[in-house]
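Single-letter residue listing:
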Amino acid sequence: AALYRIDGWGVPYFCINSAGDIAVRPYGTATLPHQEIDLMKVVRKASDPKFSGGLGLRLPLLVRFPDVLKHRLESLHSAFEFAIQSNGYSSRYQGVYPVKCNQDRYIVEDIVEFGSPFGFGLEAGSKAELLLAMNCLSKGSPEAFLICNGYKDEEYIALALIARSMDLNTVIVLEQEEELDLVVETSQRLGVRPVIGLRAKLRTKHSGHFGSTSGEKGKFGLTTAQILSVAHKLQRLAMLDCLQLLHFHIGSQIPSTALLSDGVGEAAQIYCELARLGASMRVIDIGGGLGIDYDGSHSSGSDMSVSYSLDEYAGAVVRAVKFACDRKQVRHPIICSESGRALVSHHSVLIFEAISSSTGKSQPLSSMAPNLAYFLDELADDARSEYHNLMAAAFRCEYETCALYADQLKRRCVDQFKEGILGLEHLAAVDALCDLVAKEIGAADPVKTYHVNLSLFTSMPDFWAIGQLFPIIPIHHLDQRPDVKGILSDLTCDSDGKVDRFIGGQSSLLLHELCGVPGAGGGYYLGMFLGGAYQEALGGLHNLFGGPSVVRVSHADGPHCFAVTLAVPGPSCADVLRAMQHEPEMMFDALKHRAEECAAGSGDALMFDALAHAFHSMPYLDYSTAAQAPGSSSDG
Ligand code: PLP
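Residues numbered from 1 in each chain as written. Predicted model: local features only at pLDDT ≥ 70, side-chain atom pairs only at ≥ 80, totals over all residues.

1. Considering the overall build of the protein
Alright, step 1. A count of helical and extended segments in the protein gives 21 helices and 21 strands.
Alright, step 2. Each of the three principal axes of the protein carries a C-alpha extent, and together these read 95 × 70 × 55 Å.
Alright, step 3. Nonlocal contacts in the protein, meaning residues at least 24 apart in sequence, comprise 75% of its contacts between residues at least 6 apart. (Helix = DSSP H or I, 4+ residues; strand = E, 2+ residues; numbered from the N terminus. Contact = placed C-beta atoms within 7 Å.)

2. Some words on the nonpolar core
Alright, step 1. In this structure, Ala267 and Val317 are the most contacted members of the largest nonpolar core, which totals 159 residues.
Alright, step 2. Shared between two domains, this core holds at least three residues of each, these being domain 1 (1-64 + 344-359 + 446-570) and domain 2 (65-343).
Alright, step 3. In this structure valine 317 touches Leu260, Val264, Ile286 and Ile335, once residues within four positions along its chain are discounted. (Core = buried A, V, L, I, M, F, W, Y, C linked by C-beta atoms within 7 Å. Buried ≥ 20, exposed ≤ 12 C-beta atoms within 10 Å, placed from the backbone. Domains from an automatic or database assignment.)

3. Digging into the packing of helix H9 (residues 257-276) against helix H10 (residues 310-328)
Alright, step 1. Between H9 and H10, the shortest axis-to-axis distance is 8 Å and the interhelical angle comes to 30°. Handedness of the crossing formed by H9 with H10: right-handed. Together, Thr257, Leu260, Ser261, Val264, Gly265, Ala268, Gln269 and Cys272 of H9 and Glu312, Tyr313, Ala316, Val317, Ala320, Val321, Phe323, Ala324, Cys325 and Lys328 of H10 make up the contact between the two elements.
Alright, step 2. Tallied by class, the residues present in the contact of H9 with H10 amount to 12 nonpolar, 4 polar and 2 charged. (Axes fitted to C-alpha atoms, helices over the stretch in contact; angles between N-to-C directions. Left-handed = near helix turned anticlockwise from the far one by under 90°. Nonpolar A, V, L, I, M, F, W, Y, C, P; charged D, E, K, R; others polar.)

4. Some thoughts on the sheet that holds strand S5 (residues 96-98)
Alright, step 1. Pairing is parallel across the open sheet formed by 8 strands, whose spatial order is S5-S6-S7-S8-S9-S10-S11-S12. Of all strands in the sheet, those with a lone pairing partner are S5 and strand S12 (334-336), marking the two edges. Taken pair by pair, the neighbouring strands of this sheet meet at an average axis angle of 25°, ignoring direction.
Alright, step 2. As defined by bridge partners, strand S8 (residues 169-174) adjoins strand S9 (residues 196-199) across 3 bridges and the pair is classed as parallel. Note that in S9 the partner of isoleucine 172 across the bridge is isoleucine 196.
Alright, step 3. Sitting on the sheet, helix H5 (residues 127-137) is in contact with strand S6 (121-124) and strand S7 (145-148), with an inclination near 170° to S6. (Pairing = 2+ DSSP bridges.)

5. Looking at H9
Alright, step 1. The end-to-end C-alpha distance of H9 is 28 Å, a good match for the 28 Å that 20 residues give at a rise of 1.5 Å each.
Alright, step 2. The positive-phi residue at the C-terminal boundary of H9 is glycine 278, with phi of around 110°. (Expected span 1.5 Å × (residues − 1).)

6. A word on the sheet that holds strand S3 (residues 37-38)
Alright, step 1. One open sheet holds the 3 strands; their spatial order is S1-S2-S3, and the pairing between them is antiparallel. The two strands at the open ends of the sheet, each matched to only one other strand, are strand S1 (14-16) and S3.
Alright, step 2. Taken together, the 2 bridges between strand S2 (residues 22-24) and S3 define a ladder with antiparallel strand orientation. For alanine 23, the partnering residue across the bridge sits in S3 and is aspartate 38.

7. Brief notes about the environment of proline 333
Alright, step 1. Structurally, proline 333 can be placed in the loop between H10 and S12.
Alright, step 2. When the 23 C-beta atoms within 10 Å are taken as the criterion, proline 333 is described as buried.
Alright, step 3. The sequence separation of proline 333 and methionine 281 amounts to 52 residues, and the corresponding C-alpha distance is 7.5 Å.
Alright, step 4. Aside from chain neighbours lying at most four places away, what touches proline 333 is Ser91, Tyr271, Met281, Arg282, Val283, Ile284 and Val321.

8. Things to note about the confidence of the model for the protein
Alright, step 1. Residues with a pLDDT of 70 or more make up 92% of the protein, whose mean pLDDT is 90.
Alright, step 2. Residue range residues 362-366 is modelled with pLDDT below 50. Its contacts to residues more than four positions away, or to other chains, number 11 contacts.
Alright, step 3. Low confidence marks residues 625-636, where pLDDT is under 50. Its contacts with residues over four positions away, or in another chain, come to 23 contacts.
Alright, step 4. Confidence estimates for the predicted assembly give a pTM of 0.88 and an ipTM of 0.99. (pLDDT = per-residue confidence, 0-100.)

9. A look at the domain arrangement of the protein
Often, the extent of an interface is quoted as the loss of accessible area on bringing the components together.
Alright, step 1. Each assigned domain of the protein is listed here: domain 1 (1-64 + 344-359 + 446-570), domain 2 (65-343), domain 3 (365-440) and domain 4 (574-616).
Alright, step 2. Distance between the C-alpha centres of domain 1 and domain 2: 33 Å.
Alright, step 3. Contact residues are listed per partner, giving 31 residues for domain 1 and 26 residues for domain 2.
Alright, step 4. The residue inventory of the side of domain 1 that touches domain 2, partitioned by class, reads 18 nonpolar, 9 polar and 4 charged.

10. Some details on the site of the ligand
Alright, step 1. In the region of the ligand, 15 residues are neighbours, and Ser252, Gly288, Glu338, Gly340 and Arg341 sit closest.
Alright, step 2. Classifying every residue of the shell around the ligand gives 5 nonpolar, 8 polar and 2 charged. (Near = placed C-beta within 6 Å.)

11. Comments concerning the packing of helix H4 (residues 105-115) against H5
Alright, step 1. At a closest axis distance of 10 Å, the pairing of H4 and H5 adopts a crossing angle of 40°. Judged by the inter-axis angle, H4 sits oblique to H5. As H4 runs across H5, the sense of the crossing is right-handed. Touching Val108, Glu109 and Val112 of H4 are Leu132, Cys136 and Leu137, all from H5. (Parallel < 35°, antiparallel > 145°, perpendicular 65-115°, else oblique.)

12. So, the pairing of strand S14 (residues 447-452)
For a regular strand, side-chain orientation follows a simple rule: the groups alternate between the two sheet faces.
Alright, step 1. With respect to burial, S14 is a largely interior element, 5 of its 6 residues being buried.
Alright, step 2. Where strand S13 (residues 348-358) lies against S14, 4 bridges are found, and the strand directions are antiparallel. Bridged to serine 356 within S14 is histidine 451.
Alright, step 3. Strand direction decides the pairing type here: S14 and strand S16 (residues 484-489), joined by 5 bridges, are parallel. For histidine 451, the partnering residue across the bridge sits in S16 and is serine 489.

13. What to know about the environment of threonine 458
Alright, step 1. Mapped onto the elements of the fold, threonine 458 is located in helix H16 (residues 456-459).
Alright, step 2. Along the sequence, threonine 458 and glutamate 536 sit 78 residues apart, while their C-alpha atoms lie 7.5 Å from each other.

14. Some remarks on unusual backbone geometry
Trans is the prevailing form of peptide bonds, just as negative phi is the prevailing case for residues other than glycine.
Alright, step 1. A cis amide bond links valine 11 with the next residue in sequence, proline 12, at an omega value of 5°.
Alright, step 2. Positionally, proline 12 belongs in the loop between helix H1 (6-10) and S1.
Alright, step 3. With an omega of 0°, the peptide bond between leucine 59 and proline 60 qualifies as cis.
Alright, step 4. If you trace the backbone, proline 60 turns up in the loop between helix H2 (39-47) and strand S4 (61-64).

15. Focus on the pairing of S9
Alright, step 1. The alternating pattern of S9 places Ile196 and Leu198 and Gly197 and Arg199 on opposite faces, both of which are buried.
Alright, step 2. What joins S8 to S9 is helix H7 (residues 179-190), and the crossover it makes is right-handed.
Alright, step 3. With 4 bridges joining them, S9 and strand S10 (residues 243-247) adopt parallel strand pairing. The residue of S10 that forms the bridge with leucine 198 is leucine 246. (Right-handed = clockwise from strand over helix to strand, strands pointing away.)

Here it is as structure tokens:
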């Protein structure tokens, strides 16, 4: 557990069980040992048709745990409840889930259902998100907020007003001053009185990656002058009572409670000023930003971690709002947060398989010896003297000098190769010699490349796009010490399709030697954790690899203590082709026709079956037929 920092980022949902597998604790610390779900059993159940009730799904596999989602939601709510009670705060907390974090139907429906007892609502940032939020909230608590953020046109505002007329507790949050006129006109046209919020551009600046749009020059929200102008305009229109909410968002992954208190304190002052100007203020919406500890370091020094707990976050917010309101004798507002990352990150685990590994090294020196002797004759004088110097230094045990000569020898040989003087065998031999030298002097720790059946661009886009690190670890064999340093290389034909940075500042990950046969539960499985927020909607179709298969797994009584409540195979080749406007049915007919013409009747049925199968199956590798990845060694 210490090796992979599970005791940091994994608590309280992930641990290692007595079988050496990762176990999921669906109820956090309240989980009893017999309620822990063994992730390997989930993989077997999902992928192996021979496992009892096995589903035969192809990997990669996204496993969702609704119990974890429920636990996150309840933990967030009780952290605020506790802060409210212990600070003598006289209003309540009523959060919303920003659907942009993960719009998956079941996640949003779960959040509405689990949050219904405490009026938990939804936040939308676009028309499509608003439509889904309206539909989901229709089945939720009537007091739950429907917060409408984002840039708005008349259509968006009309939708929000329709939601209000349906008795959904809808607030239109002005992102720009110009939106006010549209809101006023549309509400008059539809005869629906709006509830209006405004997003303030705070001066408090979050300095991390996610804070680049915060501060005075930030992209979003209204300046002080614009806030005043909106308030005055509403007053002239006798609509100041419609202004009820103040919102701000200083960026995701707020690193410390000091910055948080600063931002909330500034916003609370604006809130109090609006109340003084006569607005019917009721709600302060502190946006998102509640961070999670991706690297388990519990520090505020990077975007990968935060230095506070849920309780500390809630305490800082409540104290900052109370302090400002008490000083100005303003009634304590309802505190709303739009925490997305902190709510959904933990609930899903992406599981993928390593299918082969390679060091990129040449053969060992012993097997290259005859070639070496042969290639010495071919070397130019300067390269040959580097070789002799290298050998002499090795004899004297001068290891640093060895490394120097090996480097020079290699460079000269590469030059000779480029000139066409040396052959491929010679270059391979010099590589082998240099690797051996490096290994002998301990200067190079060979790092193996593990080829994984995954597309980074689809399943962990933030790693590629913004350098976000996620905990990635093997989900089994954790009772055996891993001793191979590895990096991961995905299936795409793209040099960026590799994971060579890991939590804790590591440039490789300690992994086990590959053994077993890939596929159906017998291979080597890795999990990417804490990826439940943002990755799914941001992921693309690079190389036409689509999303993973998905299962929803809940705790249940029984021998395996879990039940799969939903299983969805990942998109097929036909699905991803369709997403790019191709027409798979017509493509199949055209290809079949051409095959008929060319094959002149022989073996048609077999070919047509294979063609149809290709359209219907997932684009990822199928191990029953996959060749080894290029450059793989025999340990795959
Ligand atoms: N609210 C707004 C307006 C946002 O822009 C975001 C995301 O950046 C969020 C909420 C969610 O933030 P987080 O995932 O950090 O909780």
